[in-house]
Amino acid sequence: MSEKVEVKPVAEFEDGDREILTVNGKSIGVIQYDGNFYALSNTCLHDCGPVCTGRVHEKMDGEYTGTGKPLDWSHNEDEIVISCPWHGWTYDLETGEHLATDDIQLPTYEVEIEDGDVYIIVE
Amino acid sequence: MSSEHRTNNSSVDSDYTVVDVDAHYLESFENIAEYMDEPWRTRLKESGWGEIGAKQNASSYFPTSTGDRQAYGRIDREHSSYPDEPAEPDEIKASMESIGIDIQLQISHLLLPANAVRSDDQRVTQFMEGYVKYVREHILDPDEGIYGLVPVPFHDVEASLDLLKETEDDEGFIGACMIAAGARPALGNRKYDRIYELGEELDYPFVFHTGGAGLDSYDGFQSFIETHALGFLASNQAQLTSLVMEGIPEKFPELDIIFMESGVTYVPALMTRLDEEYLKRPEENPLLEKLPSDYLKEVYYGTQPLEKSANPEYLETCFNMIGADQIMYASDYPHWDYDRPTTVTDLPFLTEDDKQKILGGNALEVFDL
């Protein structure tokens, strides 16, 4: 049985803002980044840190460009990630997948915008 | 440890094919000098270093390591003149038969401290080139199961490529050896990419063998056991960390990597340590496509010196974490802490299939023997 939970009006989110709310005992973070909304569990799977209060940033990538050459480092604007402030565990903001392994998956929640308000759907 | 009584000549069942992936023929400096170019030949011969490359005034061809490996005269080898005299070639077969080994890979004994050299590094290249010529002519004998590894003078990439290519058609050389102790920069550095690339092309497995130089010089440590235990272990962990985290298995996926001479229990420790840090800092090593431990499970490990005194349940867990497919018996004969094949056959938790793989099956496959 899913539950639709009101967060707050879209207009009250500045870019990069996040709202932490508790639903049925679960801490959930709703984050606005570059005009898009994301909702993830706020309990880091490492040691229960408040992951959704951590830094949101473009993933740092390094590409192998050939034998003996240094990596070509860049920030990947197509992959936005969030890092838990306690120990640095980092997840894809959209999918919740840990950058190191897809065996670790932070729960994510569906976000709906309706009549100018942000809602999340919690199972 | 088992309390079962055994005799000291108990050996392994002849049903096993035993491949020893790490033994050391004690060549002499005078042997190698004959194959070196001038002026290196004269420099070496006229320096008075004699057969062992060192003399009493602490002058030596390669840096020396701490302590007395022979435990103050207590260690003796029936089938080797080590350490007092250079070996005779026929000692190899006698020792193989005595221990119960069918095929053996020889790695230079004198070169083990070579990469602690920080100056005049051409002497290392020259020695390695001379060594290849000497063992090709006098030691390696595929018909008798005696093979060799090409020592890589990795401080000089061009010289490394030349030496590896020079052995390409040689049946006696079946892989390369990176004498890992003292390597600067660490061996995952991109400086060495071309060496690994050529290794892949030549289908040479790469053996990483640490030694008694470089990392075993722990200031203030008093006994040989302290520097030796730490030196070998720390060197292997350091070089494995560099290779894995810098993505060498991703850059060169066909390259077989084999690490020698620190037993097996350090491997699970490194697996868990690296995984724990990588989960906290995954963007620092972007070439990794999986956890560091997954790469470490694809590396091969020589058994010696196997931690026979460990709790069998703990040792079994370590074997399971690495995998019986990744472990290769190594004797390290005639060194002070060598292991016989019975160190493997005695393990209570291994299946017959595991023992067959570890004693020879894995090495036969990897070295294409």
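Refer to the structure presented above.
Conventions and cut-offs
- Residues numbered from 1 in each chain as written.
- Chains lettered and ligands numbered in written order.
- Predicted model: local features only at pLDDT ≥ 70, side-chain atom pairs only at ≥ 80, totals over all residues.
- Heavy atoms only, no water.
- Helix = DSSP H or I, 4+ residues; strand = E, 2+ residues; numbered from the N terminus.
- Expected span 1.5 Å × (residues − 1).
- Buried < 20%, exposed > 50% of the residue type's maximum accessible area, 1.4 Å probe, protein only.
- Contact = heavy atoms within 4.5 Å.
- Buried area = accessible area lost by both parts, 1.4 Å probe.
- Salt bridge = Lys/Arg side-chain N within 4 Å of Asp/Glu carboxyl O.
- Pairing = 2+ DSSP bridges.
- Axes fitted to C-alpha atoms, helices over the stretch in contact; angles between N-to-C directions.

As for helix H4 (residues 122–138) of chain B
Residues and elements named next belong to chain B.
Stage number 1. Here H4 spans 24 Å end to end across 17 residues, near enough to the 24 Å set by a 1.5 Å rise per residue.
Stage number 2. Taken residue by residue, H4 has Arg-123, Val-124, Thr-125, Gln-126, Phe-127, Met-128, Gly-130, Tyr-131, Val-132, Tyr-134 and Val-135 as its buried positions.
Stage number 3. Here the buried face of H4 lies against helix H1 (29–33), helix H2 (40–46), strand E2 (103–106), strand E3 (146–151), helix H5 (157–166) and strand E4 (173–179).

What to know about the interface of chain B and chain A
Stage number 1. Of the residues lining the interface, 17 residues belong to chain B; the matching set on chain A comes to 25 residues.
Stage number 2. Between chain B and chain A, roughly 1600 Å² of surface is buried when both sides are summed, and carbon and sulfur atoms account for 65% of that area.
Stage number 3. Among the residues chain B hides against chain A, the three largest losses belong to Leu-279, Lys-280 and Glu-283 of chain B. Together they make up 40% of the total.
Stage number 4. Where chain B touches chain A, the interface holds zero salt bridges.

A closer look at the pattern of salt bridges
Residue and element names in this part refer to chain B.
Stage number 1. If you walk through the whole model with that rule in mind, you get 20 salt bridges over all chains.
Stage number 2. Between Arg-136 and Asp-170 there is a salt bridge, and its shortest N-O distance comes to 2.4 Å. Of this pair, Arg-136 sits in helix H4 while Asp-170 sits in the loop between H5 and E4, and the two are 34 residues apart along the sequence.
Stage number 3. Judged by relative accessible area, Arg-136 falls into the partly exposed class, the value being 28%.
Stage number 4. Residue Asp-170 is classed as buried on the basis of its relative accessible area of 19%.

With respect to the sheet that holds strand E6 (residues 72–83) of chain A
Residues and elements named next belong to chain A.
Stage number 1. Across the sheet, three strands lie side by side as E5-E6-E7; this open sheet has antiparallel pairing. If you trace the sheet from one side to the other, it starts and ends with strand E5 (55–63) and strand E7 (90–92), each paired once. Ignoring strand direction, the axes of neighbouring strands in this sheet form an average angle of 60 degrees.

Here's the deal with the environment of Trp-336 of chain B
All names here are of chain B.
Stage number 1. In this fold, Trp-336 is placed in the loop between strand E8 (327–328) and helix H12 (342–345).
Stage number 2. Between the C-alpha atom of Trp-336 and that of Val-366, which follows or precedes it by 30 residues, the distance is 27 Å.
Stage number 3. Not counting residues within four places of it along the chain, the set of residues in contact with Trp-336 comprises Arg-69, Gln-70, Ile-75, Arg-77, Phe-224 and His-228.

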